[in-house]
Amino acid sequence: MSDTLCNEKKKPYTFSEDGNSCIITETRTPRYWYNYLWNENHYCAQISQTGHGRSYYLSEKADMCMMNQDDARYIYLRDEKSKECWNIGEGPLNAEVENYQCVHSIGSSRIQSSYQNIASSWRLFVPEEGYQEVWTLKIKNTGERQRHLSIFSAVSFYLEGFSYPRYYEMYRCMETDYDEKLKGVYCRSTHPFAPHKRYNAFLAASEPAYAYDGNLEAFCGTTSTITRLDASASALFQRPDIVVKGKDCTNSKAALFILGGVLQHKMVLQPGEEKELQFVFGISESLEEARAVSEKFSNSAVVEKELEKAETHYLEKYRSLTVETPDEKINHMMNNWVKKQVDFCIVGKKGVRDNLQIAVGLLNYRQETAKKEILECLRHQFRDGHGVLTWYPYDDTRYSDQPFWIIWAVCQLIKETGDFSILELEIEWQDGGKAAVLDHVKAAVNRLLQDKGKHGLVRIYFADWNDALNVTTDEYAESVMLSHQFCLALKELEALLKKKGDQVYAGKIAEEYRILRNSINAYAWDGAWYMRALSDVENIGSKNSEGSKIYLNAQTWAVLGDVADAEKLPKILKAVDSMEHDFGFPLNLPPYQKYSPNVGRMSGMLPGLFENGGVYCHATGFKILMDCKVGRGSKAFETLKKIMPDSDKNPSMQSGAEPYVFTNCYSTNPGYYGKSYQSWTTGTSAWCMMGVYEGILGIKRDYDGLRIDPCLPKEWEKAEVTRHFRGADYHVIIENPDHLEKGVLEIKTDGAVCDMSDKADGFVLPDFKDGKMHEVHVILRK
């Protein structure tokens, strides 16, 4: 890696003092750096550092309305005398601007720049309520002569995202028109199979347009459109004819092809003069609704008030969980950005396995939302105990691990709430009928018990957590990782049942744990680590395997599931430590060099990419909690720092990932070295957040209350946490004067010394439930 990449001064961004804004000062980042803005109505806007991105609505029933095709959201400016044209964020025209800055904040994004004495600012946010985003455009003449400008705001209209019979494509049912009361272009759809009425879109402004286009072919030109195989078409916005050739919009309308909304406004600016325009891009059930929304947000005072409400709403959602550590980057990430990322994953993902993991992370600070999501996931469980892979888009491919996540998440929910009555709630099955939550859990247990293979481990089916591990040559192959996870689920459920008073079923569960643990240790232990899967063709992740010899997850979950005994544990830790890489911990080593049908998709990838030997950050998150479980706080912290955004060894200008959110993986392949693929919608966020709050800081939910069991990095002398739990707030100060990772705890609660006798696994705080803040002082001693 070059010294330039590691040079702090060369970074094209900084954080605001409170950490809630990332200020980007270079348009040409390695890839688009996005912010996501959304509300509880499930309207979402993705915004890049240039301003473009997709806007969509996903209903509670997971019916998608993707508003704009190819992420088209643009503003163009043109000097009417010189005919020079540019964008505030440079793209897509790519005319270079000066004084560029993009501020991605928790609740808004703002892009600003200057071009030949015209200073402009484009701010975007999603109001707390509604189905729209609001843009504020400010243009100022900083020169000494009068300027005549045209402003073109442009979007495409798509409105796809739901299932319908063949030949009923949405574009066959759409038309655009300009509406004077709306002061914008309205796109009306009449699709007979639309799942709800909100499949009409609009782009409106606070001022009437000088001209408009509803036909993007008229705006972009015939050579700037693409016709697809089904005769549908899309527009290219890199050099739209109307803008670059000095023309005015044509007042075109469209049906069928190619639909969009372009509003042209003309303004004259005297030297020093600034003008402002408001825009609304949204969806509606009717033209009348769109008109009302446009009228509301034409008022600048209303816009500012709604922006303040939206930004306050974001921060209020996250304020119940805060942290202060000696590491500033941890503070910036953990106090709002990671919570926003976890929160967004609920909007961006619709899968049983994914959403249950995210929901358990949410239990730390958005308990009601997490509860709602966990119960929603149960609705996508079949009566035989397994669950769908995703419900948007619908995919019921038989993965084996959904039952584990159901058991684990329900146990965590009861620990968080202390409300055992949840177990009696009636929840629908995916395939009809309904049953109590506890019956859903028991069905998941029975599913995993029935899915055992000949060695007594759980079968893998198409895949388990690792989507790319597809043992296509052996339908009876068994998953070691899932079997470890099932051990954890059985232990968690045993504890829940004992608290509930069901000693008989708890005893059966304890026996199943004992049997499964013995089977794993009898058949899956390879002498120095656990294998990843058992197969008659060839065991996977064994020292004798062809290709990859060791898998990370088979080791971390052996510890998390209490499978490894005292003799095996040191060997596991040594094996895991041997996998360490600058960017984190690869999923498997060495990477597969050729395709193996017995391993499946991951072995067909290039070595070092994604699951084939790449650093899969989600799995590294598991490793952080493993380190904390065995008392390795410094190792946990070092591991976290490796996969943090913009890490020392893999800065964002190399990885390409945004410096304020976690990513799914880093490549170790030389041709794509250090690069990441996908950020924002990744379980890495939830697991790293849990790694900090529940692992390192040791603030853990339990049936009897909030447990304190820190495992700190040795260098940390002090850390503070604020956590809302069961109707009370806890301010926990942890001091580490002796620079320990684990230690004997001294605890005072509201000034009273706590009895710490026989508290080897931490201390459970009193369950106050009184709506007050309680001070907890913790000291680690030798």
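Just so we're clear, the structure is a prediction, and the values are computed from it rather than from any experiment.

A. Representation of helix α7 (residues 352-362). Of all the 11 residues making up α7, 10 are buried; the element is thus mostly covered by neighbouring parts of the structure. The complete set of buried residues in α7 reads V352, R353, N355, L356, Q357, I358, A359, V360, G361 and L362.

B. Highlighting helix α4 (residues 287-296). A290, V293 and S294 are the residues of α4 that are buried. The buried residues of α4 occupy an angular sector of 100 degrees when projected down its axis, which confines them to one face. Away from its buried face by more than 90 degrees, α4 exposes E288 and E295. If you follow the buried residues of α4, they end up packed against β12 (132-141), β15 (184-189), β16 (200-205) and β22 (274-284).

C. Structural detail: the environment of S679. Among the secondary structure elements, S679 is positioned in the loop between β33 (665-666) and α18 (684-696). Sequence-wise, S679 and Q341 are 338 residues apart; in three dimensions their C-alpha atoms are separated by 9.2 Å. Beyond its immediate chain neighbours, meaning those up to four positions away, S679 contacts R31, Q341, E658, V661, F662 and T663. A distance of 2.6 Å separates polar atoms of two side chains, one belonging to S679 and the other to E658.

D. Up close: the sheet that holds strand β3 (residues 35-38). Here we have four strands laid out as an open sheet, ordered β3-β4-β5-β6, and antiparallel in their pairing. Each edge of the open sheet is held by one strand with a lone partner, namely β3 and β6 (64-66). Here the average twist between neighbouring strands, direction ignored, is 20 degrees. The pairing of β3 with strand β4 (residues 43-47) spans four bridges and is antiparallel. Bridge pairing in β4 links L37 to A45. Each of β3, β4 and β5 (55-58) touches helix α6 (residues 328-348); the most contacted strand, β3, lies at about 60 degrees to it.

E. The arrangement of the pattern of salt bridges in detail. Tallied over the entire structure, the rule returns 67 salt bridges. R447 is paired through a salt bridge with D384; the nearest N and O atoms lie 3.7 Å apart. One end of the pair, R447, is in helix α10 (residues 437-450); the other, D384, is in the loop between α8 (367-378) and β24 (390-391), with 63 residues separating them in the sequence. Accessibility expressed as a relative area gives 11% for R447, which makes it buried. Salt bridges linked by common partners bring R78, E80, K83, D248 and K266 together as one network.

F. Local environment of the side chain of Q357. Inspection of the secondary structure assignment puts Q357 in helix α7. The exposure class assigned to Q357 is buried, which follows from its relative accessible area of 1%. Here R353 takes part through its backbone oxygen, which lies 3.2 Å from a polar atom of the side chain of Q357. Not counting the four nearest positions on each side in its chain, Q357 is found in contact with W405, W408, W465, H618, F622, A686, W687 and M690.

G. Local environment of the nonpolar core. Counting residues in hydrophobic clusters, the biggest one holds 210 residues, and the most contacted among them are I407, Y530 and L697. In terms of residue count, helix α11 (residues 480-500) provides more of this core than any other element does, 11 residues in total. The residues contacting I407, other than those within four sequence positions of it, are V441, A444, V445, L448, F486, A489 and L493. Within the second largest apolar cluster, 19 residues are counted, among which are L93, F219, A233 and F237.

H. Looking closely at the sheet that holds strand β41 (residues 773-781). In space, the six strands of this open sheet follow the order β23-β36-β37-β41-β38-β39, with mixed pairing throughout. Only two strands of the sheet have a single partner each, and these edge strands are β23 (321-324) and β39 (752-753). In this structure, strand β38 (residues 744-749) lies alongside β41, joined through six bridges in antiparallel fashion. Bridge pairing in β41 links T749 to V776.

I. Molecular detail of the pairing of β3. Alternating residues of β3 divide into N35 and L37 and Y36 and W38, and every residue in both groups is buried. Counted along the chain from β3 to the antiparallel partner β4, the turn is four residues long, and its residue H42 has a positive phi close to 75 degrees.

J. Focus on the side chain of N200. Inspection of the secondary structure assignment puts N200 in strand β16. In this structure the side chain of N200 is engaged in a polar contact, spanning 3.3 Å, whose partner is the backbone oxygen of K197. Within the structure, the side chain of N200 is placed 3.4 Å from the backbone oxygen of E285, a separation counted as a polar contact. If we ignore the near neighbours within four places in the chain, the residues touching N200 are L159, Y186, C187, R188, S189, G282, I283, S284, E285 and S286.

K. Quick look at the packing of α7 against α8. Following both chains from N to C, one finds α7 and α8 inclined at 160 degrees, their axes separated by 8 Å at the closest point. Taken together, the axes of α7 and α8 lie roughly antiparallel to each other. Remark: the crossing between α7 and α8 carries left-handed chirality. Here V352, N355, L356, A359 and L362 of α7 lie close against α8, whose contacting residues are Q367, T369, A370, E373, I374 and C377. When the residues that make up the contact of α7 with α8 are grouped by side-chain class, the tally is seven nonpolar, three polar and one charged.

L. Spatial organisation of unusual backbone geometry. The omega angle of the peptide bond from G91 to P92 is 5 degrees, so this bond is cis rather than trans. Looking at where P92 falls in the secondary structure, it is placed in the loop between β8 (85-87) and β9 (98-105). At the junction of L589 and P590, the peptide bond is cis and its omega measures out at -15 degrees in the coordinates. Its place among the elements puts P590 in the loop between β31 (588-589) and β32 (615-616). At D70, a position not held by glycine, the phi torsion is positive, near 55 degrees. The residue D70 is located in the loop between β6 and β7 (73-79) in this model. Overall, the relative accessible area of 45% leaves D70 in the partly exposed class. One non-glycine residue, L256, adopts positive backbone phi at about 75 degrees. For L256, a relative accessible area of 35% corresponds to the partly exposed category.

M. How the structure looks around the pairing of β15. Among the six residues in β15, five count as buried, and that is most of the element. Bridge count for strand β14 (residues 174-179) against β15 is six bridges, and the pairing is antiparallel. By the bridge assignment, D179 is partnered in β15 with G184. As consecutive antiparallel partners, β14 and β15 are separated by four residues, and within that stretch K183 has a phi angle of approximately 60 degrees, a positive value. Pairing geometry for β15 and β16, over four bridges, is antiparallel. When the sheet's bridge partners are listed, Y186 is paired in β16 with F202.

Definitions and cut-offs
- Residues numbered from 1 in each chain as written.
- Predicted model: local features only at pLDDT ≥ 70, side-chain atom pairs only at ≥ 80, totals over all residues.
- Heavy atoms only, no water.
- Buried < 20%, exposed > 50% of the residue type's maximum accessible area, 1.4 Å probe, protein only.
- Helix = DSSP H or I, 4+ residues; strand = E, 2+ residues; numbered from the N terminus.
- Arc of directions from axis to C-beta.
- Contact = heavy atoms within 4.5 Å.
- Polar contact = N/O pair within 3.5 Å; in protein donor to acceptor, adjacent residues only side chain to side chain.
- Pairing = 2+ DSSP bridges.
- Axes fitted to C-alpha atoms, helices over the stretch in contact; angles between N-to-C directions.
- Salt bridge = Lys/Arg side-chain N within 4 Å of Asp/Glu carboxyl O.
- Core = buried A, V, L, I, M, F, W, Y, C linked by side-chain atoms within 4.5 Å.
- Parallel < 35°, antiparallel > 145°, perpendicular 65-115°, else oblique.
- Left-handed = near helix turned anticlockwise from the far one by under 90°.
- Nonpolar A, V, L, I, M, F, W, Y, C, P; charged D, E, K, R; others polar.

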